[in-house]
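Coordinate inspection notes
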Amino acid sequence: MSKPLKIELVPIPLFRKNLRYALSSRGWQKIRSKQLETHNGCCDVCGQEIERRANLHEEWEYEVEGKKGVARITDLKFVCFYCHGCEHFGWMENVFARLPGTREDVVSIAIDHYCEVNGVGPEEFEADEKAAYALWRERNKLEWEIDWGEYEPLVAATAERRRIRRENAA
């Protein structure tokens, strides 16, 4: 059975190497606005109405050959807070849950959400989490290249603008 909600832990070498950080704030907002034009106001994973600001989540595909990997962006989707937290469960559990003012039960709510969306019990969540962390540990050992797909021209243009600004500032 394919699960609509997955735990996709980002390998440490790829932390902050995503479209949102690769583009300027204005560039990311343009992409987000364009995606919002066709969005129906519901989470693309669980279907719940998104009451607050929707998270634009990047879907990645990882290809591994030997000690090298290619991370390829494949899609963007709007997700609710808890679907996003499950996708990035390591962040939810180890960063967000520890911030001052965060609900004490935020992690257990995320786990319950995962189970409900996927139609599984807590034992299967634990097995999925364990498998996700094992895969994450293996991916952390690799040397990564990023394939920006259709966004490559935007990323390259942003990188060039940043390079010119650095040169002019020096």
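That block above? That's the structure.
If you're wondering where the values come from, they're calculated on a predicted model, not measured in any experiment. (Residues numbered from 1 in each chain as written. Predicted model: local features only at pLDDT ≥ 70, side-chain atom pairs only at ≥ 80, totals over all residues. Heavy atoms only, no water.)

**Notes on a positive patch on the surface**
Defined as follows: In this analysis, a patch consists of residues with relative accessible area above 30% that form no salt bridge, clustered at 9 Å for like charges and at 5 Å for the nonpolar side chains Val, Leu, Ile, Met, Phe, Trp and Tyr. For the area figures, the Shrake-Rupley method with a 1.4 Å probe applies, and any residue is considered shielded solely by the protein chains shown. The working definition used for a salt bridge is a side-chain nitrogen of Lys or Arg within 4 Å of a carboxyl oxygen of Asp or Glu. By the counting scheme adopted, Arg and Lys are positive, Glu and Asp are negative, and His together with the chain ends is not counted. Positions of charges follow a simple convention, taking NZ of Lys, CZ of Arg, CG of Asp or CD of Glu. Runs of H or I in DSSP of at least four residues are treated as helices and runs of E of at least two as strands, each being numbered from the N terminus.
A surface patch of like charges, here positive, comprises Arg-26, Lys-30, Arg-161, Arg-165 and Arg-166. Of all the elements in the fold, those that place two or more residues in the positive patch are α2 (25-37) and α7 (152-169). Looking at which element gives the most residues to the positive patch, the answer is α7, with 3 residues. With respect to the helices and strands, Arg-161 occurs in helix α7.

**A closer look at the pattern of salt bridges**
The following threshold applies: Only protein chains enter the area calculation, which uses a 1.4 Å probe; residues under 20% of their type maximum are buried, those over 50% are exposed, and those in between are partly exposed.
Scanning the entire structure with this criterion turns up 13 salt bridges. Among the ionic pairs, Lys-3 bridges to Asp-128, the shortest N-O distance being 2.6 Å. Taken as a pair, Lys-3 in the segment before α1 (19-22) and Asp-128 in helix α6 (residues 122-139) lie far apart in primary sequence, 125 residues in all. For Asp-128, a relative accessible area of 18% corresponds to the buried category.

**Remarks on the pairing of strand β1 (residues 55-65)**
When a strand is regular, its side chains alternate between the sheet's two faces. Heads up, the condition is: Paired strands, in this sense, are two strands between which DSSP finds at least two bridges.
Pairing geometry for β1 and strand β2 (residues 68-79), over 11 bridges, is antiparallel. Its bridge partner lying in β2, Glu-63 is registered against Val-70.

**Quick word on the environment of Glu-93**
The following threshold applies: When checking whether two residues touch, look at their non-hydrogen atoms; a contact exists if any pair is within 4.5 Å.
Its place among the elements puts Glu-93 in helix α4 (residues 89-94). Spatially, the C-alpha atom of Glu-93 lies 19 Å from that of Val-117, the residues being 24 residues apart in sequence. Ignoring any residue separated from it by four or fewer positions in sequence, one finds Glu-93 in contact with Arg-98, Val-107, Glu-129 and Tyr-133.

**Thoughts on the packing of aromatic side chains**
Rules: Put simply, two rings from Phe, Tyr or Trp (the six-membered ring, in Trp's case) pair if the centres are within 6.5 Å, and we call them stacked under 30 degrees between planes, edge-to-face over 60, tilted for the rest.
One pass over the structure, following the stated rule, counts 8 aromatic pairs. Plain terms: the ring middles of Phe-89 and Phe-125 are 5.2 Å apart, the flat faces sit at 70 degrees to each other, and that makes the pair edge-to-face. Taken together, the positions of Phe-89 in helix α4 and Phe-125 in helix α6 put the pair 36 residues apart, joining distant regions of the chain. Each member of the pair, Phe-89 together with Phe-125, is buried. An angle of 35 degrees between the planes, with centres 5.2 Å apart, marks the rings of Trp-91 and Phe-96 as tilted. Within the aromatic cluster, the residues linked to one another by ring pairs are Phe-81, Tyr-82, Trp-91 and Phe-96.

**Re unusual backbone geometry**
For Arg-16, which is not glycine, the phi torsion reads 60 degrees and is therefore positive. Here Arg-16 falls in the exposed class, since its relative accessible area comes to 59%.

**Concerning the packing of helix α5 (residues 106-118) against α6**
Rules: To obtain each axis, a line is fitted to C-alpha atoms, and for helices this fit is confined to the stretch in contact; angles are then taken between N-to-C directions over 0 to 180 degrees. Orientation categories follow fixed angle ranges, with anything under 35 degrees roughly parallel, anything over 145 roughly antiparallel, 65 to 115 roughly perpendicular, and all other angles oblique. Charged means Asp, Glu, Lys or Arg here, nonpolar means Ala, Val, Leu, Ile, Met, Phe, Trp, Tyr, Cys or Pro, and polar covers whatever is left, Gly included.
In contact at an axis separation of 9 Å, α5 and α6 are set at 105 degrees when each is read in the N-to-C sense. Between α5 and α6, the angle is such that the two are roughly perpendicular. Along its contact with α5, which presents Ile-111, Tyr-114 and Cys-115, the element α6 presents Pro-122, Phe-125 and Asp-128. Class assignment for the residues of the contact of α5 with α6 results in 5 nonpolar, no polar and 1 charged.

The values reported here are purely geometric and, on their own, carry no functional implication.
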